[in-house]
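Next come the chains, spelled out residue by residue.
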Amino acid sequence: AVTYVTRRESMHSQSVLCVDDSPTELRLMVKALQGTRLKVLQATDGEVALEMAVEHQPDLILLDIILPKKNGFQVCRQLNPHFQFDSDLSTFRRP
């Protein structure tokens, strides 16, 4: 599945939060986004991901499911009040 960020009518730069506890996988996600105009944020566990998502309100979150501290499902449930979920539960976006 391909997930993309759509252009919004705002002045702030679009951002992506990449979350994975594997340094290799995280590096691959970040490398794939290099050269784009996206601001790339990184987290290596569910608690930090949740804090960063609420604080920075990224336009897209690439979230691993198996994470330390809080798994990806727990993070999604706690982000529910802050984000609008798409039809696929594995993807969501800001309203």
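Structure's up top.
Residues numbered from 1 in each chain as written. Predicted model: local features only at pLDDT ≥ 70, side-chain atom pairs only at ≥ 80, totals over all residues. Heavy atoms only, no water.

**Considerations on the pattern of salt bridges**
Stated formally: We count a salt bridge whenever a side-chain nitrogen from Lys or Arg sits within 4 Å of a carboxyl oxygen from Asp or Glu. Labels follow the DSSP assignment, with helices taken as runs of H or I lasting at least four residues and strands as runs of E lasting at least two, numbered in each case from the N terminus. Exposure is judged per residue with a 1.4 Å probe applied to protein chains only, and the accessible area is read against the type maximum: over 50% gives exposed, under 20% gives buried, and values in between give partly exposed.
For the coordinates displayed, the defined rule picks out one salt bridge. When the shortest N-O distance is used, the salt bridge between K69 and D45 registers 3.7 Å. Of this pair, K69 sits in the loop between β3 (60-63) and α3 (72-79) while D45 sits in the loop between β2 (39-43) and α2 (46-56), placing them 24 residues apart in sequence. Given a relative accessible area of 59%, K69 falls into the exposed group.

**Comments concerning the pairing of strand β1 (residues 15-19)**
Heads up, the rule is: Here the rule is simple: two strands pair whenever DSSP picks up at least two bridges between them. Look down the strands so they point away from you; if the path from the first strand over the helix to the second goes clockwise, the crossover is right-handed.
Within β1, five of the five residues are buried, which leaves the element mostly enclosed by the surrounding structure. Of the two faces of β1, both are covered, the one formed by S15, L17 and V19 as well as the one formed by V16 and C18. By the bridge criterion, five bridges tie β1 to β2 in an arrangement that is parallel. Paired with C18 across the strands is Q42, a residue of β2. Assessed by its sense of winding, the connection that carries the chain from β1 through helix α1 (residues 23-33) to β2 is right-handed. One ladder, built from four bridges, connects β1 with β3; its direction is parallel. Paired with L17 across the two strands is I61, which belongs to β3.

**Observations regarding the packing of α2 against α3**
Rules: Every angle, taken between N-to-C directions, lies between 0 and 180 degrees, and every axis is a line fitted to C-alpha atoms, over only the stretch in contact when it is a helix. To sort the angles, those under 35 degrees are grouped as roughly parallel, those over 145 as roughly antiparallel, those from 65 to 115 as roughly perpendicular, and the leftovers as oblique. Crossings are sorted by hand: turned counterclockwise from the far helix by less than a right angle, the near helix makes the crossing left-handed, and turned clockwise it makes it right-handed. By definition, residues are in contact when any of their heavy atoms lie within 4.5 Å.
Where α2 meets α3, the closest approach of the two axes is 9 Å, and the angle between their N-to-C directions is 25°. Classified by the angle their axes make, α2 and α3 are roughly parallel. For the element pair α2 and α3, the recorded crossing hand is right-handed. Where α2 abuts α3, its residues G46, L50, A53 and V54 lie against V75, Q78 and L79.

**Focus: a nonpolar patch on the surface**
This is how the line gets drawn: A residue counts toward a patch only above 30% relative accessible area and without a salt bridge, and it is joined to like-charged neighbours within 9 Å or, for Val, Leu, Ile, Met, Phe, Trp and Tyr, to nonpolar neighbours within 5 Å. Note on areas: these come from Shrake-Rupley sampling with a 1.4 Å probe, and a residue is covered only by the protein chains present in the view.
On the surface, a nonpolar cluster with roughly 310 Å² of combined accessible area is contributed by I65, I66 and F73. Along the chain, F73 falls in helix α3. F73 gets classed as partly exposed once you look at its relative accessible area, which sits at 48%.

**As for the sheet that holds β3**
The strand order across the open sheet formed by three strands is β2-β1-β3, and the pairing between neighbours is parallel. Two strands in the sheet have a free side with no partner beyond their single neighbour: β2 and β3. On average, adjacent strands in this sheet sit at an angle of 20° to one another, irrespective of strand direction. Sheet strands touched by α1: β1, β2 and β3. Its angle to β1, the strand with the most contacts, is close to 160°. Sheet strands in contact with α2 are β1, β2 and β3, and its direction is about 150° off that of β2.

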